[in-house]
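# Coordinate inspection notes
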2 protein chains.
Amino acid sequence: MQPRVAGRKMSPKITTELLKQLRQVMKSPKYVQEPVQAYIVPSGDAHQSEYIAPCDCRRAFISGFDGSAGTAIVTEQHAAMWTDGRYFLQAAHQMDNNWTLMKMGLKDTPTQEDWLVSVLPEGSKVGVDPFIIPADQWKRMSKALRSAGHDLVPVKENLIDTIWTDCPQRPCKPLITLDLSYTGVSWRDKIVALRSKMAERKVLWFVVTALDEVAWLFNLRGSDVEYNPVFFAYAVIGMNTIRLFIDGDRMADPAVREHLQLDSTLDPEFKIQVMPYGSILSELQAVGAGLSPKEKVWLSDKASYALTEAIPKAYRYLTPYTPICIAKAVKNASETEGMRRAHIKDAVALCELFNWLEKEVPKGTVTEIIAADKAEEFRSQQKDFVELSFATISSTGPNGAIIHYKPVPETNRTLSVNEIYLLDSGAQYKDGTTDVTRTMHFGTPSAYEKECFTYVLKGHIAVSAAIFPNGTKGHLLDSFARSALWDCGLDYLHGTGHGVGSFLNVHEGPCGISYKTFADEPLEAGMIVSDEPGYYEDGSFGIRIENVVLVIPAETKYNFKNRGSLTFEPLTLVPIQTKMIDVNLLTQKECNWVNDYHQKCREVIGAELERQGRHEALRWLIQETEPLIRVQ
Amino acid sequence: MQPRVAGRKMSPKITTELLKQLRQVMKSPKYVQEPVQAYIVPSGDAHQSEYIAPCDCRRAFISGFDGSAGTAIVTEQHAAMWTDGRYFLQAAHQMDNNWTLMKMGLKDTPTQEDWLVSVLPEGSKVGVDPFIIPADQWKRMSKALRSAGHDLVPVKENLIDTIWTDCPQRPCKPLITLDLSYTGVSWRDKIVALRSKMAERKVLWFVVTALDEVAWLFNLRGSDVEYNPVFFAYAVIGMNTIRLFIDGDRMADPAVREHLQLDSTLDPEFKIQVMPYGSILSELQAVGAGLSPKEKVWLSDKASYALTEAIPKAYRYLTPYTPICIAKAVKNASETEGMRRAHIKDAVALCELFNWLEKEVPKGTVTEIIAADKAEEFRSQQKDFVELSFATISSTGPNGAIIHYKPVPETNRTLSVNEIYLLDSGAQYKDGTTDVTRTMHFGTPSAYEKECFTYVLKGHIAVSAAIFPNGTKGHLLDSFARSALWDCGLDYLHGTGHGVGSFLNVHEGPCGISYKTFADEPLEAGMIVSDEPGYYEDGSFGIRIENVVLVIPAETKYNFKNRGSLTFEPLTLVPIQTKMIDVNLLTQKECNWVNDYHQKCREVIGAELERQGRHEALRWLIQETEPLIRVQ
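Presented here is a report on the structure given in the accompanying data block. Being a predicted model, the structure only gives us computed values, none of them experimental. (Residues numbered from 1 in each chain as written. Chains lettered and ligands numbered in written order. Predicted model: local features only at pLDDT ≥ 70, side-chain atom pairs only at ≥ 80, totals over all residues. Heavy atoms only, no water.)

## With respect to the relation of the copies chain B and chain A
For these two chains of identical sequence, chain B goes onto chain A by a turn of 180 degrees and a shift of 0.0 Å along the axis, with RMSD 0.0 Å. Here the transformation between the copies is reduced to the relation of a two-fold axis. Looking at the interface residues of chain B, 97% of them are also at the interface in chain A, so both copies use one shared face. (Least-squares fit on C-alpha atoms with pLDDT ≥ 70 in both. Contact = heavy atoms within 4.5 Å.)

Written out as structure tokens, the structure reads:
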């Protein structure tokens with residue numbers, strides 16, 4: 001799935017009054033020790049989540065701009081919004097004249113720091129919620145401001161919350177427990193493995209701040225954040241203690257109590273102390289105060305400034321990726337099998353959908369929203385379906401060129417036999433997370449559309465079939481996806497792939513395939529990423545072909561330095577529309593790849609369609625997986 | 001050319017006495033304010049040069065290990081040497097039992113900081129020459145030591161120099177002036193351009209510390225360092241002043257005085273003040289002391305700690321690449337034409353050499369050293385030849401697998417019709433710098449040798465023929481060079497290409513093609529890099545195919561976002577031995593590339609051979625450039 005989902009509303013929010021209120025509280029002794037001349041409103045929540053709960057959408061509240069990435073800064077005179085190329089149009093539509101759009105990535109756009117320095121009076125204070133800003137970002141910003149004579153200061157109470165009178169409650173939904181058949185490893189064994197990593201690095205405490213890491217560690221899932229089966233919680237793991245910071249009566253659920261063995265008298269080092277979510281800071285400060293020299297506390301360098309500061313500097317051990325993040329990325333056999341099952345069910349739903357679309361689209365009654373809803377309906381018929389894994393990108397014609405598009409009534413377009421249709425969608429099943437993009441034409445594509453589609457397909461295959469040494473980082477594969485496009489002067493302005501969670505976040509670290517990410521960890525067998533090159537022509541159409549793929553060992557003729565090789569196995573098994581392929585642009589090897597892939601779709605998904613008695617969809621699958629024949 | 005040249009001697013140097021002396025001066029109040037418990041001896045000189053003069057080979061002097069990369073650390077009890085995979089064998093051979101080899105890149109090898117922390121008594125002082133250690137390295141090392149309770153301290157007098165009784169003199173050779181026909185831009189115009197970059201960044205001073213940057217800026221060359229046409233000097237450029245720090249009577253040379261207009265009464269802002277080389281620190285300190293707030297001094301972040309510290313922190317403006325480094329990388333028309341001429345002459349010399357080798361090798365009288373000398377002889381016959389651009393890598397059979405090999409009497413092997421021969425060589429001509437590798441067989445290569453050679457060739461072509469958008473960084477092309485090898489489980493453990501100077505250093509920044517370099521600047525038309533994938537089989541053979549290539553605009557069918565595309569044009573025009581190619585492993589496109597390349601060699605080099613009356617070499621060239629025919 002591509003960069004997430006954008007706005008529901010495309011008309012600007014009137015923010016004059018809100019900004020006036022914010023500027024008042026920026027000077028109010030009730031909230032700030034000293035007035036702040038600027039206040040930063042980042043995108044994230046206290047866990048640096050990519051997807052956030054409504055109560056955390058503070059930047060959207062103050063500005064109207066609700067794209068997934070953006071930072072607002074309000075000074076006494078100005079209000080400015082930094083966002084990236086995906087959101088220039090949307091932000092411009094959603095914000096009123098009070099706001100200046102700062103287009104990141106353009107040459108003349110100042111950084112937040114440079115801009116602040118240019119507009120602030122000497123010796124200013126710049127405020128930010130210390131729970132929302134990651135420590136690494138605080139450090140960079142603080143240094144830049146200090147060198148220009150200003151100060152970055154933590155403002156304890158979030159100033160947006162003080163003026164957000166109808167702010168929704170923080171969600172606190174029931175938990176799901178996952179047994180060994182799903183997770184492969186018990187939470188006790190995960191704690192044991194974590195403690196052994198801690199011992200290796202000589203740290204005494206580990207602070208779990210990312211929501212998906214808490215969920216993974218305890219084999220629990222929640223639904224506090226839409227599309228992400230996570231729940232608001234922190235954990236602090238000691239060598240003999242486990243503290244879980246979580247609110248509500250969720251620990252009263254007998255299934256959860258049983259799962260976490262809260263009532264058993266087991267070994268004290270696996271006894272979980274349950275504490276209020278809001279007590280994390282004071283508890284961590286107490287841990288920090290009790291440390292002796294050489295005792296260290298491990299945190300992600302993306303943990304919030306507030307939690308990082310709770311541990312005195314000399315005792316901090318910060319890494320870009322936590323051991324949980326890395327362990328979570330390498331799926332075990334149970335997780336891999338679950339992901340396979342989830343992808344089979346997902347393919348069944350999509351075969352049903354595409355079969356239905358082939359019949360309905362020519363009637364002119366199917367809109368992007370109807371198609372998206374239908375996709376969800378078919379998915380929800382599958383076993384262990386929980387929810388979607390992101391807002392469906394259902395886009396036809398020019399809407400397909402908006403990479404992060406989500407249909408809303410104002411933009412909703414009717415599918416037709418004259419336009420390309422791009423569907424990027426996925427679901428959370430109890431056994432796995434899916435994310436698949438297919439680009440279809442329900443009439444006759446033009447030669448140019450086929451040409452572009454075929455270049456994208458060549459890129460998709462180049463990554464999927466790539467063989468590379470163990471230890472290779474994903475970013476070294478990114479150019480393979482672009483080479484065929486580059487040859488003709490084309491390209492796409494997003495990364496090629498992201499890590500995918502196992503019934504967890506559809507975007508997860510630490511691996512990926514992108515020209516942008518250099519901090520990615522090496523790929524290893526068991527990791528799961530997406531492979532999704534594309535091509536977008538503004539105002540005309542969008543093309544993307546996305547499979548979720550599993551990193552597996554590769555057999556090679558030789559074995560240099562005994563390093564071993566890796567390649568990818570597609571988990572997604574949904575036909576790639578052969579009507580869109582210009583076969584003569586494929587090499588024989590690429591042609592064989594398509595035919596082998598379709599053969600596998602036919603066998604695996606065909607059997608499941610048969611089992612589920614979905615005969616019409618099966619007929620569609622068989623017709624769509626006819627082998628390509630390349631004229632030599 | 002691959003990682004530079006290694007040792008002359010393979011027997012260990014006995015260092016017991018030297019280490020005793022060093023440990024004495026480490027405690028001597030004559031040299032250190034307080035005793036230092038460890039002393040670091042880095043590889044470099046005060047300009048962070050890759051190639052250094054004999055007087056700067058302090059690490060080789062104290063340890064015996066004279067590879068191009070390595071850091072020695074001596075404590076009261078230990079002596080340890082950090083070096084990378086290229087030099088594990090050589091360092092082990094050249095160092096006696098006093099030394100512990102620290103193999104960088106292996107999992108269990110501690111970093112210098114970690115090792116120091118593990119061996120030093122509490123509260124130790126670690127000394128280093130502040131002129132030799134780059135500021136960025138000082139910062140990292142100092143921070144790590146401080147957090148463990150130790151101190152990194154600058155030791156003014158170099159402690160190795162105090163015990164190096166027969167240390168050679170710092171070279172001070174005459175200068176060469178380059179006129180506009182070579183440089184395309186006068187030094188005055190280069191100063192104007194630099195000052196405009198300084199104005200853009202609002203800096204008042206720029207400190208030129210890299211030797212090739214000084215040489216480039218003033219359109220001067222020297223020969224103080226073997227293979228690199230540079231001279232020991234610094235420069236400090238102000239908005240109205242130019243200070244050149246240089247020793248000897250080199251400024252007495254009338255040609256130099258005329259070139260630099262030292263005696264003319266021109267505009268004061270182009271008046272060069274010549275100062276002693278050794279006065280740079282005190283002059284810079286004076287500059288630093290005279291700054292008002294907001295006045296900044298621009299330095300490379302790789303400049304020495306000593307010079308960086310001369311400017312108070314608040315006034316420093318540090319960047320990884322200086323504007324001179326970036327301007328120097330983009331060759332203008334005069335430089336490009338010079339490079340073309342140099343490569344034509346170089347190809348003539350190599351055609352002569354290979355023709356000679358074809359006749360002589362079967363007689364069994366040609367050794368690696370004889371072949372290298374013969375290559376130099378043929379090159380020296382060409383117009384404007386100055387010297388070699390690096391020590392020739394002339395290696396046959398198993399020696400070819402030693403990537404940085406240089407033949408010495410102890411290892412010198414006779415070329416034969418049974419072994420692969422790898423020649424990596426280049427020269428400095430007054431109009432350009434060359435660097436070319438060819439791998440030849442003078443008998444009948446085995447099917448396996450041809451297979452490996454062909455994979456390397458496919459990688460070479462994949463880079464050379466790559467089309468990519470303007471703004472692409474070189475590291476994004478690295479995997480193209482490896483893909484064919486990876487498919488069979490093979491690889492090579494070095495980067496694919498480096499920037500090449502124009503009658504300057506054969507290795508220069510800021511561009512390159514490597515999986516390792518992430519700080520590379522985007523490629524742009526006019527940059528020149530090498531394209532040199534390889535394959536090495538320990539104990540058997542080495543294969544490398546290297547051309548120097550020019551970045552040029554590419555014509556493409558489409559032009560996404562009007563960005564424009566780039567590709568490479570080979571400047572090196574020396575036949576690639578077709579005998580080594582398994583044509584059936586090439587695609588038709590690759591086959592065409594080879595044939596087109598050979599056609600160009602035949603035309604361009606053929607004409608020059610003809611002009612020079614070198615008829616036998618011309619016959620060889622024509623025979624070696626017969627088109628390949630691929631059986632479909």
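That was the structure; now back to the text.
## Some words on the packing of helix H16 (residues 447-464) of chain A against helix H18 (residues 588-611) of chain A
Residues and elements named next belong to chain A. For the pair H16 and H18, the least separation of the axes is 11 Å and the interaxial angle reads 80 degrees. The angle between H16 and H18 falls in the class roughly perpendicular. Between H16 and H18, the residues in contact are Leu457, Lys458, His460, Ile461 and Ser464 and Glu590, Trp593 and Val594, respectively. Across the contact of H16 with H18, the residue classes break down as 4 nonpolar, 2 polar and 2 charged. (Axes fitted to C-alpha atoms, helices over the stretch in contact; angles between N-to-C directions. Helix = DSSP H or I, 4+ residues; strand = E, 2+ residues; numbered from the N terminus. Parallel < 35°, antiparallel > 145°, perpendicular 65-115°, else oblique. Nonpolar A, V, L, I, M, F, W, Y, C, P; charged D, E, K, R; others polar.)

## Observations concerning the interface of chain B and chain A
Residue-level contacts link 37 residues of chain B with 36 residues of chain A. Across the chain B/chain A interface, buried area totals approximately 3,000 Å², and carbon plus sulfur atoms make up 60% of it. By the criterion of area lost to chain A, the three top residues of chain B are Trp486, Tyr558 and Phe560 of chain B, representing 23% of everything that side buries. Inspection of the chain B/chain A interface yields 8 salt bridges. For lysine 561 of chain B, the salt bridge goes to aspartate 538 of chain A, with nearest N and O atoms at 3.1 Å. At the level of secondary structure, the elements contributing two or more residues to the side of chain B that touches chain A comprise helix H5 (135-147), helix H16 (447-464), strand E21 (468-469), helix H17 (478-487) and strand E25 (534-537) of chain B. With 5 residues, the top contributor of residues to the side of chain B that touches chain A is H17 of chain B. (Buried area = accessible area lost by both parts, 1.4 Å probe. Salt bridge = Lys/Arg side-chain N within 4 Å of Asp/Glu carboxyl O.)

## Notes on the sheet that holds strand E1 (residues 38-41) of chain B
Residues and elements named next belong to chain B. Spatial strand order, E4-E3-E2-E1-E5-E6: 6 strands in an open sheet with mixed pairing. Strands at the two margins of the open sheet, each flanked by one partner only, are strand E4 (100-103) and strand E6 (151-154). The sheet shows a mean angle of 25 degrees between the axes of neighbouring strands, direction not considered. Inspection of the sheet shows E1 paired to strand E5 (residues 125-128) by 3 bridges, in the parallel sense. Paired with tyrosine 39 across the strands is glycine 127, a residue of E5. Those strands touched by helix H4 (residues 112-119) are E1, strand E2 (71-75), strand E3 (79-83), E4 and E5, and its axis lies near 10 degrees from that of E2. Where H5 meets the sheet, it contacts E1, E5 and E6, and its direction lies at approximately 140 degrees from that of E6. (Pairing = 2+ DSSP bridges.)

## Focus on helix H8 (residues 187-200) of chain B
Residues and elements named next belong to chain B. With 14 residues, H8 extends 20 Å between its outermost C-alpha atoms, agreeing within 8% with the 20 Å of an ideal straight helix rising 1.5 Å per residue. Within the span of H8, buried status applies to Trp187, Lys190, Ile191, Leu194, Arg195 and Met198. Buried positions in H8, seen along its axis, are confined to an arc of 135 degrees and lie on one side of it. Among the residues trailing H8, lysine 202 stands out with phi positive, at a value near 60 degrees. (Expected span 1.5 Å × (residues − 1). Buried < 20%, exposed > 50% of the residue type's maximum accessible area, 1.4 Å probe, protein only. Arc of directions from axis to C-beta.)

## Points about the pattern of salt bridges
Oppositely charged side chains can pair when the atoms bearing their charge come close. Residues and elements named next belong to chain A. Applying the stated rule across the entire model yields 70 salt bridges over all chains. The residue lysine 363 makes a salt bridge to glutamate 360 at a minimum N-O spacing of 3.0 Å. Judged by relative accessible area, which is 54%, lysine 363 ranks as exposed. The shortest N-O distance in the salt bridge between glutamate 590 and lysine 458 comes to 2.9 Å. With a gap of 132 residues between them, glutamate 590 in helix H18 and lysine 458 in helix H16 connect regions that are remote in the sequence. Under the relative-accessibility criterion, glutamate 590 is labelled buried at 13%. Residue class for lysine 458 comes out buried when judged on its relative accessible area of 14%. Three or more residues joined by partner-sharing salt bridges are found here, namely Asp56, Arg58, Asp161 and Arg170.

## What to know about the sheet that holds strand E18 (residues 427-429) of chain A
All names here are of chain A. In space, the 3 strands of this open sheet follow the order E15-E18-E19, with antiparallel pairing throughout. The open sheet is flanked by strand E15 (385-388) and strand E19 (432-433), the only strands paired with a single partner. Pairing geometry for E15 and E18, over 3 bridges, is antiparallel. When the bridges of E18 are listed, glutamate 387 appears paired with glutamine 428. In this fold helix H15 (residues 368-380) packs onto E15 and E18, with an angle of close to 165 degrees to the strand it touches most, E15.

## Observations concerning the side chain of aspartate 531 of chain A
Residue and element names in this part refer to chain A. Positionally, aspartate 531 belongs in strand E24 (residues 528-531). Look at aspartate 531: it is buried, it has no salt bridge, and the nearest opposite charge is arginine 438 at 9.1 Å. Leave out the neighbours within four places in its chain, and aspartate 531 touches His460, Val463, Ser464, Thr496, Ile545, Glu546, Asn547 and Val549. (Lys, Arg positive; Asp, Glu negative; His and termini not counted.)

## Points about the environment of lysine 331 of chain A
Residues and elements named next belong to chain A. By the element assignment, lysine 331 lies in the loop between helix H13 (323-329) and helix H14 (333-360). Overall, lysine 331 belongs to the buried group, its relative accessible area being 6%. For the pair lysine 331 and tyrosine 455, spaced 124 residues apart in the sequence, the C-alpha separation amounts to 31 Å. Sequence-distant contacts of lysine 331, defined by excluding residues within four places in its chain, comprise Thr336, Val500, Gly501, Ser502, Glu508, Gly526 and Ile528. One polar contact links the side chain of lysine 331 to the main-chain carbonyl oxygen of lysine 328, over a distance of 3.5 Å. (Polar contact = N/O pair within 3.5 Å; in protein donor to acceptor, adjacent residues only side chain to side chain.)

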